[in-house]
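# Coordinates in review
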Amino acid sequence: MLEKYYDKDADMSAISSKTIAVIGYGSQGRGQALNLKDSGLNVVIGLRPGKSWDLAKSEGFEVMEVADAAKKADVIQILIPDEHQGAVYREQIAKGLTKGKTLMFSHGFNIHFGQIVPPADVDVVMVAPKGPGHMVRRTYTEGKGVPALIAIHQDVSGNARKLALAYAKGIGATRAVVFETSFREETETDLFGEQAVLCGGMTSLIRAGFETLVEAGYAPEMAYLEVLHETKLIVDLIYEGGFTKMRNAISNTAQFGDLTRGPRVIGQESYLAMQEILEEIQTGAFAKEWMLENMVNRPVFTALTKADEEHLIEEVGKEIRATMPQFKNL
Ligand code: NDP
Ligand code: MG
Ligand code: MG
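Within an unreviewed UniProt entry, the label attached to the chain reads Ketol-acid reductoisomerase (NADP(+)), and the organism entered is Methanospirillum purgamenti. Its UniProt record gives the chain the following Sequence similarities (unreviewed entry) comment, quoted word for word: "Belongs to the ketol-acid reductoisomerase family."

Looking only at helices and strands, the chain features 15 helices and 9 strands. Relative to the globule expectation of 20 Å for 330 residues, the C-alpha radius of gyration of the chain, 22 Å, shows essentially globular dimensions. For the C-alpha atoms alone, the extent of the chain along its principal axes is close to 65 × 45 × 40 Å. Considering the chain as a whole, with its 330 residues, one finds that 39% of them fall into the buried category. The contacts of the chain with a sequence gap of at least 6 include a subset with a gap of at least 24, amounting to 66%. When the accessible surface of the chain is summed, it comes to about 18600 Å², and 56% of that surface belongs to carbon and sulfur atoms. Of the charged side chains in the chain, 35 are positive and 44 negative; the average position of the first set lies 6 Å away from that of the second.

Here the focus is helix 9 (residues 200-215). The terminal C-alpha atoms of helix 9, which comprises 16 residues, lie 22 Å apart, in line with the 22 Å expected from a rise of 1.5 Å per residue. Just downstream of helix 9 lies Gly-217, where phi reads positive at about 100°.

Turning our eyes to something else, we now look at the coordination of the magnesium ion (ligand 2). Distances from the magnesium ion (ligand 2) to its protein donors, namely Asp-190 (OD) and Glu-194 (OE), fall within the range 2.1 to 2.2 Å. Of the two residues, Asp-190 and Glu-194 are both situated in helix 8 (residues 183-198); the distance of 4 residues between them amounts to about one turn of the helix.

Let us now look at the site of ligand 1. By nearness alone, 21 residues border ligand 1, and Ser-27, Gln-28, Arg-48, Ser-52 and Asp-82 come closest of all. Residue Ser-52 places a side-chain N or O atom 2.5 Å away from an oxygen atom belonging to ligand 1. Here an oxygen atom of ligand 1 and a side-chain polar atom of Asp-82 are 2.5 Å apart. Computed on the free molecule, ligand 1 has an accessible area of 900 Å², of which 75% lies beneath the protein chains in the complex.

To continue, consider helix 1 (residues 27-38). The end-to-end C-alpha distance of helix 1 is 17 Å, a good match for the 16 Å that 12 residues give at a rise of 1.5 Å each. By the burial criterion, the buried members of helix 1 are Gln-28, Gly-29, Gly-31, Gln-32, Ala-33, Leu-34, Asn-35 and Leu-36. At the exit of helix 1 stands Gly-40, carrying a positive phi of roughly 85°.

With that settled, the discussion passes to the environment of Thr-302. Relative to the helices and strands, Thr-302 is located in helix 14 (residues 299-309). For the pair formed by Thr-302 and Asn-329, sequence separation is 27 residues and the distance between their alpha carbons is 28 Å.

Conventions we followed
Residues numbered from 1 in each chain as written. Chains lettered and ligands numbered in written order. Predicted model: local features only at pLDDT ≥ 70, side-chain atom pairs only at ≥ 80, totals over all residues. Heavy atoms only, no water. UniProt positions renumbered as here; feature names shortened; annotations may be inferred. Helix = DSSP H or I, 4+ residues; strand = E, 2+ residues; numbered from the N terminus. Rg over C-alpha atoms; globule rule 2.2 N^0.38 Å. Buried < 20%, exposed > 50% of the residue type's maximum accessible area, 1.4 Å probe, protein only. Contact = heavy atoms within 4.5 Å. Areas by Shrake-Rupley, 256 points an atom, 1.4 Å probe, with all protein chains shown as cover. Lys, Arg positive; Asp, Glu negative; His and termini not counted. Charge placed at Lys NZ, Arg CZ, Asp CG, Glu CD. Expected span 1.5 Å × (residues − 1). Donors = N, O, S within 2.8 Å, 3.2 Å for Na, K, Ca; no water. Near = heavy atom within 4 Å. Polar contact = N/O pair within 3.5 Å; in protein donor to acceptor, adjacent residues only side chain to side chain.

Listed below in structure tokens is the structure:
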């Protein structure tokens, strides 16, 4: 079992006298920076001039060029998109990352796959919230937190774990729970989860169900409500109490169909595909494909995104959600 930490295990004094540079003010950057500031910590934001710069400034932060933030801070948390981190690190962060500082990430991709190779005289740690940035922020303001992972890649100071835990407390994560993992385990499981289950698996499952019903002549609105809209209601039950709570809540008929038909949908072929996908992650083949894709300006990413945005399920969904009050302001 993994080591677990809570509020009582984290001591803010490990970070309270330090300056933290949050590089990027997007999903994670904004959520983490606002929480750190509200926890009384010293935060500056590193960016390039533009929309994020203006937003961070209007929300009360000292904003500066990435290179200046890296130079000024003791702790540098890189929260720009993974595919840009290598270049920004080499061109703007490396010079300011002097002996004794801490380099921090919320995902292990660039360290694990060697896109960033930090000097030997700095600490390198990860504090990775297991939730999107707006949830990191929202739960904090509600007095709660999202769970997070910490990992230590280099511990020159001997204080890397204490500092990672103090940062995790600053963003509210120790109010939930913090697990300790490794850069390798976080990177590989995170990529596998989003590809095979959470994002890739989920959208493919929903789309396949929708297309099957529509091709069989059922109304697209019915197909949408049945296979997309209801997904959340079922997932919420699984989230709250596992498969058992969900199965207690559905009808016996639904449960019998679930138990006997589900394994036919996700059968041997899906297990083999999952194994292959995991291997591509473990061997670095996926990381290489994604880095090369970025070098040629993302033709596959762009074409596939566009095709899915134009899918009937998106069109029908937009119309249906416009009629339901709970989707106003989302
Ligand atoms: P975003 O895509 O939201 O980051 C966008 C931010 O990065 C913007 O502020 C943007 O500024 C800035 N940025 C982009 N390029 C540059 C650049 N060249 N120089 C300076 N600033 C730049 O990132 P995420 O928050 O999604 O991801 C950040 C990290 O957190 C990643 O490592 C990711 O894997 C990890 N993570 C993300 C999660 C999530 O839910 N999104 C969950 C857990 C981990 P501008 O406005 O100028 O473009
Ligand atoms: Mg991820
Ligand atoms: Mg039903």
